[in-house]
Amino acid sequence: FFFQAEDGIRDVERSRGLGDVYKRQQMSSSQIAQIASVCNRYPAVEMAITVLNEQGTHAGEPAVINVDLSRELENDLVPPAHAPFYPQEKEEYWWVVIGNPEQNKLLAIKRMIIPRKANAKLSFVVNDPGTYNLKAYLVCDSYIGVDQEEEIKLNVSPQVTAEAEKQTPMEQI
């Protein structure tokens, strides 16, 4: 009976952490320090999505999606990506994408660098009223395994006409 550890090492006893694995690999202290440095650079980004005009999104008008991003950094500087075979120092870029997978459409996209906190407001026009199941994607161009996706439900009301705006609430009854 073997235990499968998060670090991929199979053993008869539970892994007690990465340090234990590295000791069994017989690595030098400089190799362990290099691995620790790369692991500390690996980005852990949190994404929060809000629809800014959710109550007032009408057909033919812009829908605005607010994307708040945050991450932990040792200091306020975003370290370069670990890319030892890249010909120069590689900056870590992120793409925030709003799409409609049901219609296979890209609605909005923005490229950015994420320091401790970042914010992106993406807007697009939805022409037809209805309920849309959209997705927000966060894609990194430098690391594998950090991409994220989150569902967005967008309710779009019929377009407000000029005459409907002129009517008073009593006239609408």
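Along every chain, residues carry numbers that run from 1 in the direction the sequence is written. Given that the model is predicted, a residue must reach a pLDDT of at least 70 before its local features are reported, and side-chain atom pairs must reach 80 or more before they are shown or counted; all residues, however, enter totals for whole chains, interfaces and linings. Think of the side-chain values as coming from all heavy atoms in the structure, minus any hydrogens and water.

1. Details of the overall build of the chain
The helix and strand tally for the chain stands at four helices and nine strands. Its helices and strands in sequence order give the chain the pattern β-β-α-α-β-β-β-β-β-β-β-α-α, from N to C terminus. Residue exposure (1.4 Å probe, protein chains only): buried if accessible area is under 20% of the type maximum, exposed if over 50%, otherwise partly exposed. Residue burial in the chain is summarised as follows: out of 173 residues, 28% are buried. Contacts are residue-level and defined by heavy atoms, with any inter-residue pair within 4.5 Å sufficient. Taking all contacts inside the chain whose residues are at least 6 apart in sequence as the whole, residues at least 24 apart take part in 59%. The way it works is that DSSP assigns letters per residue, a run of H or I at least four long becomes a helix, a run of E at least two long becomes a strand, and they are numbered from the N terminus.

2. Some thoughts on the sheet that holds strand 5 (residues 94–100)
Two strands qualify as a pair provided DSSP detects at least 2 bridges between them. One open sheet accounts for four strands, arranged 6-5-8-9; its pairing is antiparallel. Either end of the sheet is taken by a strand with one partner, and the two such strands are strand 6 (105–112) and strand 9 (148–156). Along the sheet, successive strands turn relative to each other by an average axial angle of 20°, direction set aside. Two elements, strand 8 (residues 130–140) and strand 9, share nine bridges in a ladder whose sense is antiparallel. Residue pairing across strands places Asn 133 opposite Lys 153, the latter belonging to strand 9. Here an axis means a line fitted to C-alpha atoms, over the contact stretch when the element is a helix, while the angle between two N-to-C directions is reported on a 0 to 180 degree scale.

3. Overview of the side chain of Asn 66
Tracing the backbone shows Asn 66 in strand 4 (residues 62–71). A distance of 3.3 Å separates polar atoms of two side chains, one belonging to Asn 66 and the other to Asp 68. Residues contacting Asn 66, with those up to four places away along its chain left out, are Ala 48, Ile 49, Thr 50, Leu 52, Asn 119, Ala 120 and Lys 121. Pairs of N or O atoms are called polar contacts if they sit within 3.5 Å, as long as, within protein, a hydrogen donor faces a hydrogen acceptor (for residues adjacent in sequence, only side-chain-to-side-chain pairs).

4. Notes on the confidence of the model for the chain
Every residue carries a pLDDT, the predictor's confidence in it, which falls somewhere between 0 and 100. In this model, the chain carries an average pLDDT of 82, and 78% of its residues clear a pLDDT of 70 or more. Per-element mean pLDDT across the chain ranges from 46 in helix 4 (residues 169–172) up to 97 in strand 5. Within the model, pLDDT remains below 50 along residues 7–15, and this stretch shows 22 contacts once partners closer than five positions in the same chain are excluded.

5. Some details on the sheet that holds strand 7 (residues 117–125)
Here three strands make up an open sheet; going across it, the order is 3-4-7 and the pairing antiparallel. At either end of the open sheet lies a strand with only one pairing partner, and these are strand 3 (45–51) and strand 7. Ignoring strand direction, the axes of neighbouring strands in this sheet form an average angle of 20°. Looking at chain direction, strand 4 and strand 7 are connected through nine bridges and run antiparallel. Across the sheet, Val 67 pairs through a bridge with Ala 120, a residue of strand 7.

6. As for the pattern of salt bridges
Close approach of charged atoms allows side chains with opposite charge to pair. Should a side-chain nitrogen of Lys or Arg be within 4 Å of a carboxyl oxygen of Asp or Glu, the pair is scored as a salt bridge. The full count for this structure, using the stated rule, is three salt bridges. Where Arg 71 meets Glu 92, a salt bridge forms, and the shortest distance between an N and an O atom there is 2.6 Å. With a gap of 21 residues between them, Arg 71 in strand 4 and Glu 92 in the loop between strand 4 and strand 5 connect regions that are remote in the sequence. Here the two residues Arg 71 and Glu 92 agree in accessibility, since each one is buried.

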